[in-house]
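Letter by letter, the chains look like this.
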Amino acid sequence: ETASPSPDSVTVPTLTTANSANSASTTATGNASVMDGLGAATCGELLAGKAIVLLGDLKHGRTVHSLATLVARNYPGARLLFVSPPQLAMPQDIKDEVAACGCAFSEHQDLDEVVGAADVLYVTRVQKERFADPSAYEALKLRYVVTPATMAKGKASLVLLHPLPRVGEIDEACDADPRAAYF
């Protein structure tokens, strides 16, 4: 008979699958792997001191919920910057979990005020299927559009991520930018 390791004996960041209605742990793990392009020497240094902007529909986005908690639990020193309109803000329970892990976070409505400090810009689409009122969706769907001008304000080492599908929140002209890592 083989014993399972106790949670106290695990010494590397570990992620288990979660409730698929509320999280997207596989996507979060893949995103953390892509962020390895930040030049860290070890896994523990991967996101230490890095500023990660989560942009768009933070209320409904399972990928941003999972990514925020993955970063908070496993990468001390990382900072999360949540950028969204108030109607699509990160849910309080996710913010509470991030805070409980000791991860610094801040909330913003203006991407331009934070993009210059970002090491990672993770963009999500506004999800039409989450709106009962089509006019509310139309009012918010393109609130944020990442363009070459947006990217010009970012660091040369910025990593631009998106879980796909994209519906206009990243201008196709950004696809040629070597910092785009969503394909």
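Data block above holds the structure.
All figures in this text were calculated on a predicted structure; none of them were measured in a lab.

As a further point, take the sheet that holds strand 2 (residues 79-83). With parallel pairing, the 5 strands of this open sheet are ordered in space as 3-2-1-4-5. Looking at strand neighbours, the two that pair on one side only are strand 3 (104-108) and strand 5 (159-161), the edges of this open sheet. Each adjacent strand pair in this sheet contributes to an overall mean axis angle of 15°, direction not counted. In this structure, strand 2 lies alongside strand 3, joined through 5 bridges in parallel fashion. Bridge assignment links R79 to a residue of strand 3, and that residue is A104. Lying over the sheet, helix 2 (residues 62-74) contacts strand 1 (51-55), strand 2 and strand 4 (120-123), oriented at roughly 165° with respect to strand 1.

Below, the discussion takes up the pairing of strand 1. Burial of strand 1 is extensive: 5 of the 5 residues sit out of reach of the surface. Residues of strand 1 alternate between two faces, with A51, V53 and L55 on one and I52 and L54 on the opposite face, all of them buried. With 5 bridges connecting them, strand 1 and strand 2 associate as parallel partners. Note that in strand 2 the partner of V53 across the bridge is L81.

On to the nonpolar core. Side chains of nonpolar character tend, in soluble globular proteins, to be buried together. Ranked by size, the top nonpolar core spans 23 residues in total, and within it I52, L54, A68, V71, L80 and M90 carry the most contacts. Of all elements in the fold, only strand 1, helix 2, strand 2, helix 3 (92-100), strand 4 and strand 5 reach the threshold of two or more residues within this core. Look past the residues within four positions of M90 in its chain and what remains in contact with it is L54, L58, K59, V64, H65, A68, F82 and K95. Grouped together as the second largest cluster of nonpolar side chains are 19 residues, A118, Y144, V146 and I170 included.

Conventions used here
Residues numbered from 1 in each chain as written. Predicted model: local features only at pLDDT ≥ 70, side-chain atom pairs only at ≥ 80, totals over all residues. Heavy atoms only, no water. Pairing = 2+ DSSP bridges. Helix = DSSP H or I, 4+ residues; strand = E, 2+ residues; numbered from the N terminus. Axes fitted to C-alpha atoms, helices over the stretch in contact; angles between N-to-C directions. Contact = heavy atoms within 4.5 Å. Buried < 20%, exposed > 50% of the residue type's maximum accessible area, 1.4 Å probe, protein only. Core = buried A, V, L, I, M, F, W, Y, C linked by side-chain atoms within 4.5 Å.

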